[in-house]
Amino acid sequence: MFPVANHSFQYIDSFYFTIFRYIPVAIILVILLLIKEGKQAFETEGKGFLIWFFGTMAFTIYNLFIFWGQEMLGETGTLLASIMESLSPMISVLVIWALTKKKPSSYTLGFIGLAFVGVLLVVTNGDIGFLFTIHKQFFPLIILFIGVAGWAVYTMGGDRFPDWSILRYSTLTLVYGTLTATIVVLLTTAAGWTQAPTLAAMYAVRYDMIFMVIFPGLIALLGWNEGVRILSPINSLLFLSFVPVTTLIIGFFQGYQLTIYDTVGTIFIVLALLLSNLYQRFVVKRRVIKHQRSYEHPVA
């Protein structure tokens, strides 16, 4: 997704790239939902705000910000955006910490620290002097962080709709979120902050858009939400650790000059995510065993 987006940004603005990739997906899903579940599936059942909120987190905050940050960072944005996305599990921990005021364990904070070192290696590319010019990349990195936090919130939101089908949850959140994103893009265009693409520009990215609609759009959205429901958010987010790996491989074949810092930094991030997931599994298993023992031997 990110290497393809990098090519598109040479012709169209990232904001228009976002809504043009999802409007066709929304139309397809609406037709599929109507055929499979009927008109009643479009009723919000009193959950209209939640649908809009989680849809906005994913299809406005995440999609607009992740590609906006990537575009601002230029060539390095392809890898940095994918790395930031892979940090979703860590960012989820920080979001939960901020909302619940419950501090994560020292092990989890250590894993977050290891992942941060990996990000630092990729961002600086081993150049300590980068620290004196970090203000030039600080804003786009924050934009990427906010975007990924939006996707983490969306992933955790699926548990609020246990009785809904994956198709219904995906369709309604996508429609609400894409509508919000479209309004934002039109407002920024009216203000002169973004520029609508020409027909020639759209023609130049036609193959990019076909790919984005079918794979990162339609297939990935339904597949992701189905995977989250089967595996749970904690296990599903682990799969995002593969994002920078695939980006590195595709970038290599596209001619991007990888450095040892890109490779080592990515390894650190993937290792931190794996260790964090294994630790959380251990904690959950220990709680289950403790609960079983207390059930078998209740206190008199």
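Residues numbered from 1 in each chain as written. Predicted model: local features only at pLDDT ≥ 70, side-chain atom pairs only at ≥ 80, totals over all residues. Heavy atoms only, no water.

Some thoughts on the nonpolar core
In terms of nonpolar packing, the biggest core is built from 65 residues, with Phe-17, Ile-66, Phe-67, Leu-87, Leu-144, Tyr-154 and Leu-174 touching the most fellow members. Each residue touching Leu-144, except ones within four places of it in the same chain, is listed here: Phe-65, Ile-66, Gly-69, Gln-70, Leu-73, Leu-80, Ala-81 and Met-84. Tyr-16, Ile-19, Leu-64 and Val-185 belong to the second-largest nonpolar core, a separate cluster that totals eight residues. (Core = buried A, V, L, I, M, F, W, Y, C linked by side-chain atoms within 4.5 Å. Buried < 20%, exposed > 50% of the residue type's maximum accessible area, 1.4 Å probe, protein only. Contact = heavy atoms within 4.5 Å.)

Considerations on the pattern of salt bridges
Under the criterion given, the structure shown has one salt bridge. Here Arg-168 ties to Glu-45 by a salt bridge, and the two come within 3.1 Å at their closest N and O atoms. In this pair, Arg-168 sits in helix H8 (residues 166–190) while Glu-45 sits in the loop between helix H2 (14–37) and helix H3 (48–73), placing the two residues 123 residues apart along the sequence. Here Arg-168 falls in the buried class, since its relative accessible area comes to 8%. (Salt bridge = Lys/Arg side-chain N within 4 Å of Asp/Glu carboxyl O. Helix = DSSP H or I, 4+ residues; strand = E, 2+ residues; numbered from the N terminus.)

With respect to a nonpolar patch on the surface
Judged by side-chain polarity, Leu-94, Trp-97, Phe-138, Ile-142, Phe-145 and Ile-146 come together as a nonpolar surface patch covering roughly 490 Å² of accessible area. The set of elements that each furnish at least two residues to the nonpolar patch consists of helix H5 (88–100) and helix H7 (135–157). With four residues, the top contributor of residues to the nonpolar patch is H7. Tracing the backbone through its elements, the reader meets Ile-142 in helix H7. (Patch = residues over 30% accessible without salt bridge, like charges linked within 9 Å, V, L, I, M, F, W, Y side chains within 5 Å. Areas by Shrake-Rupley, 256 points an atom, 1.4 Å probe, with all protein chains shown as cover.)

Digging into the packing of H3 against H8
Closest axis-to-axis distance for the H3/H8 pair is 7 Å, and the angle between their directions is 60°. Our classification of the angle between H3 and H8 gives oblique. The handedness of the crossing between H3 and H8 is right-handed. Here Gly-48, Ile-51, Trp-52, Phe-54, Gly-55, Thr-56, Phe-59, Thr-60 and Leu-64 of H3 lie close against H8, whose contacting residues are Tyr-169, Leu-172, Thr-173, Leu-174, Tyr-176, Gly-177, Thr-178, Thr-180, Ala-181, Val-184 and Val-185. Of the residues belonging to the contact of H3 with H8, the class tally is twelve nonpolar, eight polar and no charged. (Axes fitted to C-alpha atoms, helices over the stretch in contact; angles between N-to-C directions. Parallel < 35°, antiparallel > 145°, perpendicular 65-115°, else oblique. Left-handed = near helix turned anticlockwise from the far one by under 90°. Nonpolar A, V, L, I, M, F, W, Y, C, P; charged D, E, K, R; others polar.)

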